[in-house]
Amino acid sequence: MGKIGDNLQLNPKETIRKNIIRKKPILDREPQYFKGIPLPSWIELSLIDSCNRACTFCPRVDENIAPNTNHKMERVLIDKLYKDLNDIGFNGAFSICGYGEPLLYKDLEYLTNKLGQLGQIEIVTNGDPLNEKKIEKIYQSKVSQLVISLYDGPEQIILFNDMMKKANIPENFITLRDRWYDPTLDYGVKLTNRTGTVSVGNQPETTNYKKRICFYTSYQIMIDWDGNTYLCPQDWQRRVSLGNIMQKTFFEIWNGQMMKKYRKKLINGNRDLSPCKNCNADGQVYGENHYNAFKKIL
């Protein structure tokens, strides 16, 4: 492998394609079961309800919808989640991303070292808080992959390439994603309307997805800073909570009546419930094996 940047395709569609391929072995693996129920392969965590940027294609651009509150996940919740997942033998992966910039979260090392005992951890960041010392510290934790979205321009490739070199970090630990494009190229992002929250860019019509099968509830779940769980990361307005990790076990929520209700609907290609009825996300990028497993059950 050459230097970071040498292999970065300066083409948004190619970057998205490569990122999808990179994650497929983790998200599309054969399901793990507990009490006959397929467990998720991917748990997304939103550690802090703040971001230092307000990108045009992100709900954070509108403070009336997604204001920075600075609320953050506490250790008691992390410990509870760890116990719940350990009790069911979970060995999937974690995505540290969610509704804020994860590197603004001050207790990141505690969380990654705790949950990293159960499965792989990927952090998605805009890279702004990074420096040589911080990257080295992240690498020395139980983080498996650091994904940096580059919003400013190609010069950031040189910046982070130099940072990696000085920190003596293996190149395969970092994934750089070009995201500095203009609206005609959808900013280099696989755009969705975040369940009717944003409309910028070349958004597909929601009506075309009304009867589209969605795999999200079969293979993943979203956990917010306060322990509330959501169907998927598309629900930026947090319309439907499936339950709270501090009040129920993870498995009770994953196999609960609310999740079953939505899962059955989406498996059958019915998006008539909120927030799904306002969503234009593909929903079939990952998770087909989990979808097939749940389809047999339901």
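See the structure shown above.
Residues numbered from 1 in each chain as written. Predicted model: local features only at pLDDT ≥ 70, side-chain atom pairs only at ≥ 80, totals over all residues. Heavy atoms only, no water.

(A) Up close: the nonpolar core. In terms of nonpolar packing, the biggest core is built from 73 residues, with Leu45, Phe94 and Phe250 touching the most fellow members. When near neighbours in sequence (up to four residues on either side) are disregarded, Leu45 contacts Leu81, Phe94, Ser95, Ile96, Cys97, Gly98, Leu111, Leu115 and Ile223. Within the second largest apolar cluster, eleven residues are counted, among which are Cys58, Val189, Tyr230 and Trp236. (Core = buried A, V, L, I, M, F, W, Y, C linked by side-chain atoms within 4.5 Å. Buried < 20%, exposed > 50% of the residue type's maximum accessible area, 1.4 Å probe, protein only. Contact = heavy atoms within 4.5 Å.)

(B) Region of the structure containing the packing of aromatic side chains. This model, assessed by the stated rule, comprises ten aromatic pairs. Ring geometry for Phe34 versus Phe251: centroids 4.9 Å apart, planes at 80°, classification edge-to-face. Here Phe34, found in strand 1 (residues 32-34), pairs with Phe251, found in helix 7 (residues 250-254); they are 217 residues apart in sequence, far enough to count as distant. On the basis of relative accessible area, Phe34 is assigned to the partly exposed category, the value being 22%. Residue classification places Phe251 among the buried residues on the basis of a relative accessible area of 12%. Among the aromatic side chains, those forming a connected cluster through ring pairs are Phe57, Tyr151 and Tyr187. Over the ring of Trp254 we find Arg263, and its NZ or CZ is 4.5 Å from the ring centre. One Lys or Arg, Arg263, reaches over the ring of Phe294 and ends 4.1 Å from the middle of that ring. (Phe/Tyr/Trp six-rings, centres within 6.5 Å; stacked < 30°, edge-to-face > 60°. Helix = DSSP H or I, 4+ residues; strand = E, 2+ residues; numbered from the N terminus. Lys NZ or Arg CZ within 6 Å of the ring centre and 35° of its normal.)

(C) The pattern of salt bridges, seen in detail. Scanning all chains against the criterion turns up 18 salt bridges. A salt bridge links Arg238 to Asp224; the nearest nitrogen and oxygen atoms lie 2.7 Å apart. Placement of Arg238 in the loop between strand 9 (228-230) and strand 10 (241-244) and of Asp224 in the loop between strand 8 (220-223) and strand 9 is noted, with a sequence separation of 14 residues between them. When its relative accessible area of 1% is taken as the criterion, Asp224 is described as buried. Salt bridges here are not isolated pairs; linked through shared partners, they connect Asp49, Arg60, Asp224 and Arg238. (Salt bridge = Lys/Arg side-chain N within 4 Å of Asp/Glu carboxyl O.)

(D) Local environment of helix 2 (residues 75-87). Here helix 2 contains 13 residues, and its C-alpha end-to-end distance of 18 Å stays within 8% of the 18 Å for a straight helix at 1.5 Å per residue. For helix 2, the full list of buried residues reads Leu77, Ile78, Leu81, Tyr82, Asp84 and Leu85. Taken end-on, helix 2 shows its buried residues confined to a sector of 165°, consistent with a single buried face. Tucked inside the fold, the buried residues of helix 2 contact strand 3 (42-45), strand 4 (93-96), helix 3 (108-115), strand 8 and helix 7. (Expected span 1.5 Å × (residues − 1). Arc of directions from axis to C-beta.)

(E) Summary view of unusual backbone geometry. Put simply, Ser274 and Pro275 share a cis peptide bond, and its omega is 5°. Within the element layout of this structure, Pro275 appears in the loop between helix 8 (257-267) and helix 9 (288-297). For Lys35, which is not glycine, the phi dihedral falls at a positive 55°. Of note, Lys35 is situated in the loop between strand 1 and strand 2 (37-39). Lys35 gets classed as exposed once you look at its relative accessible area, which sits at 70%. In this structure, Asp186 takes a positive phi of about 55° despite not being glycine.

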